[in-house]
Amino acid sequence: MDGRNSVYTLKWQDDRLYLLDQTKLPIEHVDIECNTYEEVADAIRYMKVRGAPAIGVTAAYGIVLGAMEYMGDSDEAFLTHMDRVSRVLADTRPTAVNLFWAIERMMLVVHDNRDKSLDEVKNLLLDEAHKIMEEDIESNKNMGKFGQELLKDGDVILTHCNAGALATAGYGTALGVIRAAVDAGKDIKVYADETRPYLQGARLTAWELMEDDIPVTLITDNMAGYFMQKGAITGVIVGADRIAANGDVANKIGTYSVAVLANENKIPFYVAAPTSTFDLTLESGDRIPIEERDQKEVTHIQGRRIAPYNVKVKNPAFDITPNRYVRAIITEKGVAYPPYDESLAKLLAKN
Ligand code: MRU
């Protein structure tokens, strides 16, 4: 891959899907091998692979594995089997719309090719999954091209969670914009929020940027306001898991707080996301389903209990940033500005 990006997320090899196990990073670099669609579903559910575009691409290969597992010769039974495969994969995580987008796109291949042999359909599914993966990398590169124009030499950018190569098929969305700005010769420094409770910022973003020699400083989530107030941060870029028609953005829990702080401190807050993250069927962010995850993610750090036994816990994995805090949304088709109900629909209609 050209440009700065030495990290890989997933690869298809010898009829199997290999994922870099993100639960083990940055301490251990271990690949997991998925031979069945159930293994793929578990890898998504337990966040061995995570990040909206990455789980979409992974699910596409999950559909391929599901199709390859079918050994019968009845078209009807194949369709019933594939419906089950798509339901199991869709049932893993509810917020990132890229998951449902990719599954739907793959199932269209199944339904549109009912006149073909099962072997032909399996090959077409593999072609489609490769296409989804290649398109994801290409759209991240394009997002980088458009987004880097918003950054100036000397900028210090805060990011939250991991919206990098590890959250996509490669290059990244928010981190893709930063990579492109650095490749364009700009001096860019990054502050990475640690991103409690799952620590995607500390474990993944910090590691990924260091692998590419992009200067990064790790801070805890509650330090963001302090550094903004001191003038140490000149911009914020985050990714997204789902963007509603009015430009409300679902992203990792804590993003909303960062957006409010950025606005209070008159710092531009940008979102970088491919159009596969748009959900224009939802008028606003109110109806975006928010995943509630295991309480253990809050009561424990890396398997070690830090909270009292039996304490009441809440663990929403995402929050909604209202569109009024979002200066611009960077996509592979260009940059959208408010009012988003007009600009997002226009971008989506563009070829
Ligand atoms: O729970 P995660 O790690 O899957 O959440 C990931 C995020 O919130 C990312 O910011 C988002 O998916 C954009 S990734 C390009």
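Participant: How would you summarise the site of the ligand if you had to cite specific residues and measurements?
Facilitator: Around the ligand lies a shell of 19 residues, among which Arg93, Gln200, Asp241, Asn251 and Lys252 are the nearest. Arg50 places a polar side-chain atom, nitrogen or oxygen, 2.8 Å from an oxygen atom of the ligand. Between the ligand and the protein, one listed contact pairs an oxygen atom with a side-chain N or O atom of Arg93 at 2.8 Å. Taken together, the elements giving at least two residues each to the shell around the ligand come down to helix H2 (52-69) and strand E9 (249-252).

Participant: Report on the pattern of salt bridges, specifying residues and quantitative values.
Facilitator: Tallied over the entire structure, the rule returns 17 salt bridges. Residue Lys48 pairs with Asp21 through a salt bridge whose shortest N-O separation is 3.7 Å. You can see Lys48 sitting in the loop between helix H1 (37-45) and H2 and its partner Asp21 sitting in the loop between strand E2 (16-20) and strand E3 (31-34), a full 27 residues away along the chain. We note a salt bridge from Arg242 to Asp279, for which the minimum N-O separation is 2.7 Å.

Participant: For unusual backbone geometry, give the residues involved together with the corresponding values.
Facilitator: Note that the residue after Leu25, namely Pro26, is joined by a cis bond; omega there is 0°. Along the chain, Pro26 turns up in the loop between E2 and E3. Cis rather than trans, the peptide bond between Arg196 and Pro197 has omega equal to 5°. Counting through the fold element by element, Pro197 comes out in the loop between strand E5 (189-193) and helix H7 (200-211). You will see that Asp15, though not glycine, has its phi angle at about 60°, which is positive. As for its placement among the helices and strands, Asp15 is situated in the loop between strand E1 (10-13) and E2. The phi angle at Cys161 is positive, at roughly 65°, despite the residue not being glycine. The residue Cys161 is located in the loop between strand E4 (156-159) and helix H6 (174-183) in this model. Among the residues examined, Cys161 registers a relative accessible area of 6% and is labelled buried.

How each quantity is defined
The residue count restarts for each chain, going from 1 along the sequence in the order it is written. The predicted nature of this model means local features are confined to residues of pLDDT at least 70 and side-chain atom pairs, given and counted, to a pLDDT of 80 or more, with totals for whole chains, interfaces and linings taken over all residues. In computing side-chain values, all of the structure's heavy atoms are included and hydrogens and water are not. Residue proximity to a molecule or strand is established when one non-hydrogen atom of the residue lies within 4 Å of it. Under this definition, polar contacts are N or O atom pairs within 3.5 Å; protein pairs additionally need one hydrogen-donor-capable and one acceptor-capable atom, and for neighbouring residues in sequence, both atoms have to be side-chain atoms. The secondary structure listing takes helices from DSSP runs of H or I that are at least 4 residues long and strands from runs of E that are at least 2 residues long, numbered from the N terminus. Each salt bridge in this description consists of a side-chain nitrogen of Lys or Arg and a carboxyl oxygen of Asp or Glu lying within 4 Å of one another. Relative accessibility under 20% of the residue-type maximum defines a buried residue, over 50% an exposed one, and the middle range a partly exposed one, all with a 1.4 Å probe and only protein chains included.

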